[in-house]
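One letter stands for each residue in the lines below.
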Amino acid sequence: MSSIITEAFTHDHHACDHLLAAAEKSLTSGDWAVIGQASEALISTVNHHFDVEEQTLFPRLASIYRVASNPIEVMCSEHAQMRALLSDLGEAVAQRDRDTCQGVLETFHFLTQQHNSKEEIVLYPMADGALRDQATEIAGLVARES
């Protein structure tokens with residue numbers, strides 16, 4: 001079976017992980033311009049990833065494979081939790097509150113690890129099977145230029 005969707009979205013998870021690590025590392029610099037840039041890169045990239053899943057991948061998968069609806073609902077709920085954390089991060093950066101930034105990033109890191117493993121093990125392989133004819137198009141939506 002093809003794994004185009006799994007590979008593309010997992011690759012994007014790794015890109016987000018690198019940006020998360022960069023945001024965490026930026027806190028040690030004490031330079032709020034650097035912290036702000038690293039945080040904004042993380043927020044923007046994660047939001048793009050969530051948007052592609054919520055606006056394209058998940059609706060197409062649910063329309064073909066109805067059993068996916070419940071796991072998709074859980075993933076979207078987790079997205080909402082993580083979006084709230086990213087919003088908190090943006091506010092903490094604006095207030096130059098290093099401790100809150102660190103706490104938010106630690107919580108985000110923990111939630112992301114759990115969330116990504118569920119998508120990579122369950123939803124993406126399901127999507128590869130159900131959306132074979134659309135896999136290249138969908139994968140292209142999440143692809144990033146290196």
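Residues numbered from 1 in each chain as written. Predicted model: local features only at pLDDT ≥ 70, side-chain atom pairs only at ≥ 80, totals over all residues. Heavy atoms only, no water.

- The chain is annotated in an unreviewed UniProt entry as Hemerythrin domain-containing protein from Allochromatium humboldtianum.

Here we look at helix 4 (residues 98–130)
Then comes step 1: Over its 33 residues, helix 4 runs 44 Å from end to end, which matches the ideal 48 Å to within 8%, given 1.5 Å per residue.
Then comes step 2: The axis of helix 4 is deflected most strongly, by about 40°, at E120.
Then comes step 3: Near the N-terminus of helix 4, the side chain that reaches the backbone nitrogen of D99, with its oxygen 3.4 Å away, is that of D97. (Helix = DSSP H or I, 4+ residues; strand = E, 2+ residues; numbered from the N terminus. Expected span 1.5 Å × (residues − 1). Bend = angle between axes of the 7 residues up to and from the residue. Polar contact = N/O pair within 3.5 Å; in protein donor to acceptor, adjacent residues only side chain to side chain.)

Focus: a nonpolar patch on the surface
Then comes step 1: A grouping of I64, Y65 and V67 is seen on the molecular surface, where their side chains present a nonpolar patch of about 280 Å² in accessible area.
Then comes step 2: With respect to the helices and strands, the residue I64 is situated in helix 2 (residues 32–64). (Patch = residues over 30% accessible without salt bridge, like charges linked within 9 Å, V, L, I, M, F, W, Y side chains within 5 Å. Areas by Shrake-Rupley, 256 points an atom, 1.4 Å probe, with all protein chains shown as cover. Salt bridge = Lys/Arg side-chain N within 4 Å of Asp/Glu carboxyl O.)

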